[in-house]
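Structural overview for review
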Amino acid sequence: MARQVEVPPYEIEEHVTVDPDRTALVIIDMQNDFVRADGALSVPGAADTVAVIRQLVKLARSTAMPVFYSQDTHQEGDPEWKIWPKHCERGSEGWQIIDELKPAPGDRVFEKVRYDAFYGTHLDHELRLRGIDTLIICGTVASICVHYTAASAGLRWYRVIHPVDALSALHPFDMEAALRQASFLFQATLTKAAGITPAVASKRSGPAKRPARRG
Ligand code: ZN
């Protein structure tokens, strides 16, 4: 039985400033099985976010912001395949991150076995090593792996930023539910990718890009 509810209002900020030295871009599960139309678990709209996510990668590169990828990874007998069709089998074509978002040398890729990219991985450790306290989280699926990773980050007191045009979901309801929960429950900042601006040039990007010395 279909039911209708009103989505409580949430803000989508026009401009969000981040400190590139303390911020990482986290790209969730942009793998062939989720993004391609013929993928095992194709997500409507995921392909439409590729160009936007590429813009975010460009922003990260230009400010020496670290880029982290999650890669959904399953093996024969994985209980998740009782919930979902068989997908992201380690080593398969569907498991690969899409060519358009191929990680560059220096990017970190985390194979994850469940929805939450922190679960069973070194993600938290590596973020803390780099002094990261803010995560720009994008990718797919908005209400599943993106959401559980963002929630897990929120529980650890990371500041979470969701560029909403860089997310995709299986159903519009799922997208609304995820955004409502993110903004309400762990106070994620919602914005659009083009609204994210680095506060200052990163110290990591070398002396030439450092802000002028004051005084
Ligand atoms: Zn999976």
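Refer to the preceding data block for the structure.
Residues numbered from 1 in each chain as written. Predicted model: local features only at pLDDT ≥ 70, side-chain atom pairs only at ≥ 80, totals over all residues. Heavy atoms only, no water.

A word on the coordination of the zinc ion
- Around the zinc ion, the protein contributes the donor atoms Asp-72 (OD), His-74 (NE2), Glu-80 (OE) and His-87 (NE2), which lie 2.0 to 2.2 Å from the metal centre.
- Between the four donor atoms coordinating the zinc ion, the angles at the centre fall across 87 to 163°, so the site counts as irregular.
- Sequence spacing of the donor residues for the zinc ion, all on one chain, is D-x1-H-x5-E-x6-H.
- A relative accessible area of 1% means that Asp-72 is categorised as buried. (Donors = N, O, S within 2.8 Å, 3.2 Å for Na, K, Ca; no water. Tetrahedral: all angles 85-135°; square planar, octahedral: opposite > 155°, others 65-115°. Buried < 20%, exposed > 50% of the residue type's maximum accessible area, 1.4 Å probe, protein only.)

So, the nonpolar core
- Core analysis: the largest hydrophobic core is formed by 63 residues, its most contacted members being Leu-25, Ile-27, Leu-101, Leu-127, Leu-135 and Ile-137.
- At seven residues, helix α2 (residues 50–62) tops the list of elements feeding residues into this core.
- Excluding its chain neighbours within four sequence positions, the residues that come into contact with Ile-137 are Val-26, Ile-28, Val-146, Ala-150, Ala-153, Val-160, Ile-161, His-162, Pro-163 and Leu-167. (Core = buried A, V, L, I, M, F, W, Y, C linked by side-chain atoms within 4.5 Å. Helix = DSSP H or I, 4+ residues; strand = E, 2+ residues; numbered from the N terminus. Contact = heavy atoms within 4.5 Å.)

Things to note about helix α6 (residues 172–185)
- A rise of 1.5 Å per residue sets the reference length of α6, with its 14 residues, at 20 Å; its end C-alpha atoms lie 19 Å apart and thus fit the reference within 8%.
- For α6, the elements touching its buried residues are α5 (145–155), β6 (159–163), β7 (167–168) and β8 (189–191).
- Looking one or two residues past α6, Gln-187 carries a phi angle of roughly 50°, positive in sign. (Expected span 1.5 Å × (residues − 1).)

Side note on the pattern of salt bridges
- Under the counting rule described, the total for this entry stands at 13 salt bridges.
- Residues Arg-90 and Glu-111 are paired through a salt bridge, measuring 2.9 Å at the closest nitrogen-oxygen approach. In this pair, Arg-90 sits in the loop between α3 (80–83) and β4 (108–112) while Glu-111 sits in strand β4, placing the two residues 21 residues apart along the sequence.
- One salt bridge connects Asp-124 with Arg-128, and the closest N-O pair in it is separated by 3.0 Å. One end of the pair is Asp-124 and the other is Arg-128, both in helix α4 (residues 123–129) and four residues apart, which spans about a single turn. (Salt bridge = Lys/Arg side-chain N within 4 Å of Asp/Glu carboxyl O.)

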